[in-house]
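Chain by chain, the residues run as shown.
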Amino acid sequence: MRWPVVRRGTWDGREGRCSEGPDQVKETVKTGHIPRHVAIIMDGNGRWARQRGLPRTAGHRAGAEALREVVKTAAQLGIEILTLYAFSTENWKRPRAEVEALMGLLVEYLGKELDRLVKEGVRIQVIGHPEELPPQVRSELERALEATRSNDGLLVNLALNYGGRREIADAIRAIVKKALEGNLRLEDIDEGLVQSHLYTAGLPDPDLLIRPSGEMRVSNFLLWQIAYTEFWVTDVLWPDFRPYHLLEAVRAYQARDRRFGGL
Ligand code: FPP
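Residues numbered from 1 in each chain as written. Predicted model: local features only at pLDDT ≥ 70, side-chain atom pairs only at ≥ 80, totals over all residues. Heavy atoms only, no water.

1. Digging into the packing of aromatic side chains
- Per the counting criterion, the structure on display carries 7 aromatic pairs.
- Ring plane angle 80 degrees and centroid distance 5.9 Å describe the contact between Tyr85 and Tyr162, whose orientation is recorded as edge-to-face. Placement of the pair is Tyr85 in strand β2 (residues 81–88) and Tyr162 in strand β4 (residues 155–162), with a sequence separation of 77 residues.
- Its relative accessible area of 0% is what places Tyr162 among the buried residues.
- Between Tyr162 and Phe221, the aromatic rings sit 5.9 Å apart at their centres with planes inclined by 90 degrees, giving edge-to-face as the arrangement. Taken as a pair, Tyr162 in strand β4 and Phe221 in the loop between β5 (208–211) and β6 (230–233) lie far apart in primary sequence, 59 residues in all.
- Judged by relative accessible area, which is 0%, Phe221 ranks as buried.
- Clustering of aromatic rings is evident, with ring pairs tying together Tyr85, Tyr162, Tyr199 and Phe221. (Phe/Tyr/Trp six-rings, centres within 6.5 Å; stacked < 30°, edge-to-face > 60°. Helix = DSSP H or I, 4+ residues; strand = E, 2+ residues; numbered from the N terminus. Buried < 20%, exposed > 50% of the residue type's maximum accessible area, 1.4 Å probe, protein only.)

This is the structure we're talking about:
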């Protein structure tokens, strides 16, 4: 097994403690291979709030704030796709007040950020089952999708009411339906066909998956797509995640040796 080598410059990722500033790091990172598709599990909002004696919803709010600069930096780096786990199919199990607060934050974030996202050339897409979200969230999403449709910059893929197992089950259902209707032969079913029935059809698989808050699990996120994705885990909680953490992650990625099962 080869361990990932993290090249460390004089900048160590902690703001205010570096002889090499984030801008210099950004320039260095930009000269290397930039991952096309980065996925992030935005985890740790609840712990961040608890550490400060605040309600969990304050953690989610701080998480939404953290997102703003990360999106901007991802676009500046030339990352093509940023897939963000914003609400899972399992998150409905949380107390109603927390679910409502998360839905409210989404509406607020899209409302406040849309103009800036449009200007930055960001295109927004949703994966999951947005049709099951509250009407206000749906209409705000539709507005955001419409307003950013013709942008050709960073694609922000929001995973909302998303579950990896449900995505695979949906793909199986669609494939079997075609087969039963006589539009598909069993021998047509291969990996490419499955891939083309996922919510992410047409997108490359994530190159890099970032998980803040130190958890070592995948939490039902992009189960099919992460077969050969590089993982980067940090103890930093999502509300404390800053652009320089993204730079650290990309720098670590650039030092990985990706062999996709080959030599
Ligand atoms: C997981 O942290 C985080 C979520 C379930 C929600 C993520 C949502 C946001 C960052 C804000 C809204 C999103 C957008 C796109 C505006 P957790 O609550 O499980 O944290 P914990 O494990 O510390 O309890």
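2. As for the site of the ligand
- Near the ligand, the surroundings consist of 18 residues, among which Met42, Gly46, Arg47, Arg56 and Arg94 are the closest.
- Between Gly44 and the ligand, the recorded distance is 3.3 Å, taken from a backbone N or O atom to an oxygen atom.
- The protein chains hide 91% of the 630 Å² of surface that the ligand would expose on its own.
- For the shell around the ligand, the elements supplying multiple residues, two or more each, are α2 (45–51), α3 (56–77) and α4 (96–119). (Near = heavy atom within 4 Å. Polar contact = N/O pair within 3.5 Å; in protein donor to acceptor, adjacent residues only side chain to side chain. Areas by Shrake-Rupley, 256 points an atom, 1.4 Å probe, with all protein chains shown as cover.)

3. Observations regarding helix α1 (residues 22–31)
- Considered for burial, the residues of α1 that qualify are Val25, Lys26 and Val29. Axial view of α1: buried residues confined to an arc of 105 degrees, hence all on one face. When the buried face of α1 is taken as reference, the exposed residues oriented beyond 90 degrees from it are Asp23 and Thr31.
- Structurally, α1 contributes buried residues whose contacts are with α3 and α8 (243–254). (Arc of directions from axis to C-beta. Contact = heavy atoms within 4.5 Å.)

4. Section: the packing of α1 against α8
- Between α1 and α8, whose axes approach to 10 Å, the crossing angle comes to 30 degrees. Between α1 and α8, the crossing angle belongs to the class labelled roughly parallel. Like other packed secondary-structure pairs, α1 and α8 cross with a definite hand, here left-handed. Of the residues in α8, those touching α1 at Pro22, Val25, Lys26 and Val29 are Leu247, Val250, Arg251 and Gln254. (Axes fitted to C-alpha atoms, helices over the stretch in contact; angles between N-to-C directions. Parallel < 35°, antiparallel > 145°, perpendicular 65-115°, else oblique. Left-handed = near helix turned anticlockwise from the far one by under 90°.)

5. Things to note about the pairing of β4
- Among the 8 residues in β4, 8 count as buried, and that is most of the element.
- Sheet topology note: the β2/β4 ladder contains 7 bridges and is parallel. Paired with Leu84 across the bridge in β4 is Leu158.
- Examined bridge by bridge, strand β3 (residues 123–128) and β4 share 6 bridges and lie parallel to one another. If you follow Val126 over to β4, its bridge partner there is Leu158.
- You can see the chain leave β3, run along helix α5 (residues 135–148) and come back into β4, and the turn it takes is left-handed. (Pairing = 2+ DSSP bridges. Right-handed = clockwise from strand over helix to strand, strands pointing away.)

6. A word on the side chain of Asn91
- Its location among the elements puts Asn91 in the loop between β2 and α4.
- For Asn91, a relative accessible area of 15% corresponds to the buried category.
- Of note is the side chain of Asn91, whose polar atom sits 2.8 Å from the backbone nitrogen of Ser88.

7. Description of the packing of α3 against α8
- Axis separation between α3 and α8 bottoms out at 8 Å; the angle between their running directions is 45 degrees. By the angle between their directions, the pair α3 and α8 is classed as oblique. The element α3 and its partner α8 pack so that their crossing is right-handed. Residues Glu69, Val70, Thr73, Ala74 and Leu77 of α3 pack against Pro243, Leu246, Leu247 and Val250 of α8.
- The class makeup of the residues in the contact of α3 with α8 is 7 nonpolar, 1 polar and 1 charged. (Nonpolar A, V, L, I, M, F, W, Y, C, P; charged D, E, K, R; others polar.)

8. A look at the sheet that holds β6
- The 6 strands are arranged β3-β4-β2-β1-β5-β6 in an open sheet whose pairing can be described as parallel. Where the open sheet ends on each side, the last strands, each with one partner, are β3 and β6. Each adjacent strand pair in this sheet contributes to an overall mean axis angle of 20 degrees, direction not counted.
- Against the sheet, α4 engages β2, β3 and β4, with an angle of about 155 degrees to β2.

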